[in-house]
Amino acid sequence: MPSIVVVGAQWGDEGKGKIVDLLAQSADMIVRFSGGDNAGHTVMNSQGDFSLHTVPSGIFCPGATCILGNGMVVNPDSLIDEIDALEAKDVDLNRLFISDKAHLVLPYHLIVDGLEEAARGDDALGTTKRGIGPAYSDKAARVGIRAGDLLEPDTLPGRLSAAIESKRAVLDGYKVEPLSLEKLTQAAKVYSERLGPMIRPTEPMVNDALDSGKTVVFEGAQGALLDLDFGTYPYVTSSPTTALGVYVGAGLRPRALDCVLGVFKAYTTRVGAGPMPTELTDETGELIRQRAHEFGVTTGRPRRCGWFDAVSARYSVQINGTSAGALTRLDVLDDFPEIKICIGYQMDGTPVDGFPTNTAVLDRSQPVYETLPGWQTPTDHLRNFADLPENARGYIRRFEELVGCEMRIISVGPRREETIWVKPLF
């Protein structure tokens with residue numbers, strides 16, 4: 001397993017944290033390459049139950065190096081809180097490193113994010129209000145502060161002053177108190193003291209590891225349908241979420257990946273605004289939500305739930321170049337007498353070709369369902385594919401046929417051991 005990228009194949013929350021934690025047991029390095037603390041990765045193992053937002057999900061694998069890549073935006077305050085919580089449970093953080101090129105999410109980014117989202121009113125995007133979008137905007141506008149700037153005490157105050165000035169017009173427009181350069185400078189000193197030893201150029205570390213034949217797992221955040229370019233724009237996140245993002249987000253040379261592992265949930269969920277053709281607003285949708293505890297790790301918001309959407313998943317496989325799949329939360333469907341899969345869309349009675357990323361078209365698209373028999377027996381105790389109920393195996397085979405990707409891993413529960421390995425990844 002030399003190099004593998006783990007990406008979400010839907011609208012996020014597919015269970016990537018568990019899958020990365022599982023793969024990390026055989027890895028030398030785990031690298032997060034996009035997003036920030038708007039991510040919420042749940043990991044349950046022998047050390048406890050953890051909700052990670054910034055730290056890679058492989059941090060629990062002894063000896064593995066964990067990296068926050070240059071494509072991330074890092075909130076120093078929340079990262080320090082996460083580090084403190086992990087250290088309190090005796091997790092070794094001496095293996096954690098931060099790219100000097102990763103941009104920082106600073107207090108003014110959260111202020112701007114909240115103000116802009118509130119100003120959208122009924123057209124709000126449903127952001128986490130974690131300042132992610134404004135931080136990426138600053139990166140593109142070349143006024144952002146990078147982690148490496150924390151190591152330059154002589155020039156940092158000037159850069160912070162320029163960054164605050166760039167926000168003056170926005171904050172004045174909302175009649176918000178001006179930011180204090182003194183307070184921000186003092187906070188930056190704390191960030192430097194706590195995080196400075198972890199900050200370094202990380203892309204040489206990644207490529208050197210690959211050159212020496214080490215196993216590297218790249219961890220994505222959110223899901224392909226939230227990608228800034230290929231997702232349901234504008235209801236997307238602010239960074240690349242497909243496998244393509246790993247190259248720029250981790251400083252990875254082209255053609256370095258051996259496997260693209262797409263993580264699929266056995267049904268569909270979405271958080272925030274935007275079209276979702278298979279959303280169920282009835283008792284069935286609520287039953288899925290309650291049985292699966294579908295509430296956001298980051299925001300606590302209830303997730304929108306629905307039957308599995310094979311149309312969007314097939315699109316995800318195409319844009320990611322997915323070579324293998326991991327199917328999660330199969331056990332959530334254990335009690336249903338019938339299970340539906342969306343096999344196509346129609347609009348005004350006419351079939352829709354493929355997955356429309358134009359949100360106006362997608363919002364008007366109605367799902368075309370195929371109904372399969374359920375298995376109505378527990379699966380969380382099973383560890384071999386052949387031991388699954390016949391109808392569960394039938395569901396998985398139909399699932400694979402529709403999305404065009406073989407499922408190598410089946411998750412039947414949230415814990416690391418509640419997993420069926422169908423076939424090795426290589």
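Residues numbered from 1 in each chain as written. Predicted model: local features only at pLDDT ≥ 70, side-chain atom pairs only at ≥ 80, totals over all residues. Heavy atoms only, no water.

Draft legend 1. Expanded view of the nonpolar core. By size, the foremost hydrophobic cluster in this structure holds 54 residues, and its most contacted members are Leu23 and Leu261. It is helix 1 (residues 16-24) that contributes the most residues to this core, five residues altogether. Listed in part, the 36 residues of the second largest apolar core include Val317, Leu382, Val403 and Met407. (Core = buried A, V, L, I, M, F, W, Y, C linked by side-chain atoms within 4.5 Å. Buried < 20%, exposed > 50% of the residue type's maximum accessible area, 1.4 Å probe, protein only. Helix = DSSP H or I, 4+ residues; strand = E, 2+ residues; numbered from the N terminus.)

Draft legend 2. Region of the structure containing helix 7 (residues 203-211). All of the buried residues along helix 7 are Glu203, Val206, Asn207, Ala209 and Leu210. The arc that holds the buried residues of helix 7, viewed along the axis, is 155°, so those residues lie on one side. As for helix 7, its buried residues are in contact with strand 1 (3-8), strand 2 (29-32), strand 5 (65-68) and strand 10 (216-219). Taken from the residues just after helix 7, Gly213 is the one with a positive phi, measuring 80°. (Arc of directions from axis to C-beta. Contact = heavy atoms within 4.5 Å.)

Draft legend 3. Spotlight on the side chain of Arg289. Tracing the chain through its elements places Arg289 in helix 9 (residues 283-292). Not counting residues within four places of it along the chain, the set of residues in contact with Arg289 comprises Glu294, Phe295, Pro302, Arg303, Arg304 and Cys305.

Draft legend 4. Region of the structure containing the packing of helix 3 (residues 107-119) against helix 5 (residues 156-173). With their axes 11 Å apart at the nearest point, helix 3 and helix 5 run at an angle of 20° to one another. In terms of axis orientation, helix 3 runs roughly parallel to helix 5. In this structure, the crossing between helix 3 and helix 5 has a hand that is left-handed. The segment helix 3 lies against helix 5, with Tyr108, His109, Ile111, Val112 and Leu115 engaging Ala163, Lys167, Val170 and Leu171. Grouping the amino acids of the contact of helix 3 with helix 5 by side-chain chemistry returns seven nonpolar, one polar and one charged. (Axes fitted to C-alpha atoms, helices over the stretch in contact; angles between N-to-C directions. Parallel < 35°, antiparallel > 145°, perpendicular 65-115°, else oblique. Left-handed = near helix turned anticlockwise from the far one by under 90°. Nonpolar A, V, L, I, M, F, W, Y, C, P; charged D, E, K, R; others polar.)

Draft legend 5. Geometry of the packing of aromatic side chains. By the definition in use, this model includes eight aromatic pairs. Seen from their ring centres, Phe50 and Phe60 are 4.3 Å apart, and the 35° between their planes marks the pair as tilted. Residue Phe50 is found in strand 4 (residues 48-52), and its partner Phe60 is found in the loop between strand 4 and strand 5; the two are separated by 10 residues along the sequence. Judged by relative accessible area, which is 4%, Phe60 ranks as buried. Arranged with centres 6.4 Å apart and planes meeting at 50°, the rings of Tyr345 and Phe355 form a pair that is tilted. In this pair, Tyr345 is assigned in strand 16 (residues 338-347) and Phe355 in the loop between strand 17 (350-352) and helix 11 (359-364), connecting sequence segments 10 residues apart. (Phe/Tyr/Trp six-rings, centres within 6.5 Å; stacked < 30°, edge-to-face > 60°.)

Draft legend 6. Up close: the sheet that holds strand 10. Reading across the sheet, the 10 strands line up as 9-7-5-2-10-1-11-15-19-20 and stay open at both edges, with mixed pairing between neighbours. Only two strands of the sheet have a single neighbouring strand rather than two, namely strand 9 (199-200) and strand 20 (419-421). Here helix 12 (residues 390-403) sits on the sheet in contact with strand 11 (259-265), strand 15 (324-328) and strand 19 (407-411), set at roughly 130° to strand 19. (Pairing = 2+ DSSP bridges.)

Draft legend 7. Quick look at the pairing of strand 7 (residues 96-99). Because side chains alternate across strand 7, one face comprises the buried residues Leu96 and Ile98, and the other comprises Phe97 and Ser99, equally buried. Pairing of strand 5 with strand 7, which is carried by three bridges, proceeds in the parallel orientation. Of the residues in strand 7, the one forming a bridge with Ile67 is Phe97. As paired elements, strand 7 and strand 9 share two bridges and run parallel to each other. By the bridge assignment, Ser99 is partnered in strand 9 with Arg200.

Draft legend 8. Examining the packing of helix 2 (residues 76-88) against helix 6 (residues 181-195) more closely. Between helix 2 and helix 6, the shortest axis-to-axis distance is 10 Å and the interhelical angle comes to 40°. Taken as axis vectors, helix 2 and helix 6 run oblique relative to one another. Classified by chirality, the crossing of helix 6 by helix 2 is left-handed. Across from Pro76, Asp77, Leu79, Ile80, Ile83, Asp84 and Glu87 in helix 2, the residues of helix 6 making contact are Tyr191, Arg194 and Leu195.

Shape is all these values report; function is a separate question.
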